[in-house]
Amino acid sequence: MLSSCATSYAPSLDLLGRTPLEVIAALGEPYPRPQSLYGIRRLEFPRGPYGRHTYFVYFNEAGKAERFDQVLEERNFDRIKRGMDQAEVIDLIGVARDTFSLARETGYVWNYRYISPFCQWFQIEFTPEGKVRSTGYGRPPECNVRAVRFRR
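Below is a summary of the structure that appears in this document. The shown structure was predicted, so the numbers you read here are calculated from the model rather than taken from an experiment.

1. Examining the sheet that holds strand β4 (residues 98-101)
The sheet built from four strands is open, its strands ordered β4-β5-β6-β7 with antiparallel pairing. Single-partner strands in this sheet number two, and they are β4 and β7 (132-138). Sheet twist, expressed as the average angle between the axes of neighbouring strands with direction ignored, equals 20°. Both strand β5 (residues 108-113) and strand β6 (residues 121-126) contribute to a ladder of six bridges, which runs antiparallel.

Here it is in structure tokens:
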């Protein structure tokens, strides 16, 4: 019997060999939620405040979890190149949960928070056709806190 009372933040080794339903019972709802779990090869689990972790859980041909990976890392960001389409980006680092459109319908930007010693996020600029125009690191809004000056 599966319990949905408590979910884990991150996958652990005890999830290996489990079915997609068992993994969802342990980790909560994936995002995006697939229409069907039949033949599923991967589930995505974005986590943390502002989504600083995204875990991919991979399933083998038999429908059992075979491995998992935390994908929001610079080594994966470096693999994103100009001209890639959205599907290729999602394959590497998942769906962005923070996005905005550029002026005059010239494209849009996906932002990814991640664990870093610096207050920065990874950004991908797309053309209106959904192709990567550029990538880089920027400052998320929560880093733009102004210093408060106290007078004596």
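2. Description of the side chain of Asn 76
Take Asn 76: it is sitting in helix α2 (residues 74-77). Not counting chain neighbours up to four residues away, the residues in contact with Asn 76 comprise Val 71, Leu 92 and Ile 93.

3. What to know about the sheet that holds strand β2 (residues 53-59)
Sheet architecture is open: three strands sit in the order β1-β2-β3, paired in antiparallel fashion. Each end of this open sheet is capped by a strand with a single partner; those strands are β1 (42-47) and β3 (65-70). The mean angle between the axes of side-by-side strands here comes to 20°, regardless of whether they run parallel or antiparallel. Sheet analysis places β2 next to β3, joined by five bridges and oriented antiparallel. Across the sheet, the residue bridging to Tyr 55 is Gln 70, located in β3. Sheet strands touched by helix α1 (residues 20-27): β1, β2 and β3. Its angle to β1, the strand with the most contacts, is close to 5°. The strands touched by helix α3 (residues 86-93) within the sheet are β1 and β2, with β2 carrying the most contacts at an inclination of about 90°.

4. Comments concerning the state of the cysteines
Scanning all chains against the criterion turns up one disulfide. Disulfide pairing places Cys 119 opposite Cys 143 at an S-S distance of 1.4 Å. On the S-S bond that ties Cys 119 to Cys 143, the torsion sits near -70°, and the link is left-handed. Of this pair, Cys 119 sits in the loop between β5 and β6 while Cys 143 sits in the segment after β7, placing them 24 residues apart in sequence.

5. A closer look at the pattern of salt bridges
Under the definition given, this model contains 10 salt bridges. Salt-bridge contacts for Arg 41 lead to Glu 61; the nearest nitrogen and oxygen are separated by 3.6 Å. One end of the pair, Arg 41, is in the loop between α1 and β1; the other, Glu 61, is in the loop between β2 and β3, with 20 residues separating them in the sequence. Of the charged contacts in the structure, one is a salt bridge between Glu 142 and Arg 52, with a shortest N-O distance of 3.8 Å. Here the residue Glu 142 occupies a position in the segment after β7, and Arg 52 occupies one in the loop between β1 and β2, the gap between them amounting to 90 residues. Assessed through its relative accessible area of 24%, Arg 52 is described here as partly exposed. Each of the salt bridges in this network shares a partner with another, and the network as a whole consists of Arg 52, Asp 98, Arg 113 and Glu 142.

6. Here we look at the environment of Asn 76
For Asn 76, a relative accessible area of 4% translates into the label buried. With 16 residues separating them along the chain, Asn 76 and Leu 92 place their C-alpha atoms 6.5 Å apart. Separated by 2.8 Å, the side chain of Asn 76 and the backbone oxygen of Val 71 make a polar contact.

What counts and how
- Residues numbered from 1 in each chain as written.
- Predicted model: local features only at pLDDT ≥ 70, side-chain atom pairs only at ≥ 80, totals over all residues.
- Heavy atoms only, no water.
- Pairing = 2+ DSSP bridges.
- Helix = DSSP H or I, 4+ residues; strand = E, 2+ residues; numbered from the N terminus.
- Axes fitted to C-alpha atoms, helices over the stretch in contact; angles between N-to-C directions.
- Contact = heavy atoms within 4.5 Å.
- Disulfide = S-S within 2.5 Å.
- Salt bridge = Lys/Arg side-chain N within 4 Å of Asp/Glu carboxyl O.
- Buried < 20%, exposed > 50% of the residue type's maximum accessible area, 1.4 Å probe, protein only.
- Polar contact = N/O pair within 3.5 Å; in protein donor to acceptor, adjacent residues only side chain to side chain.

What is shown is where atoms sit, not what they do.
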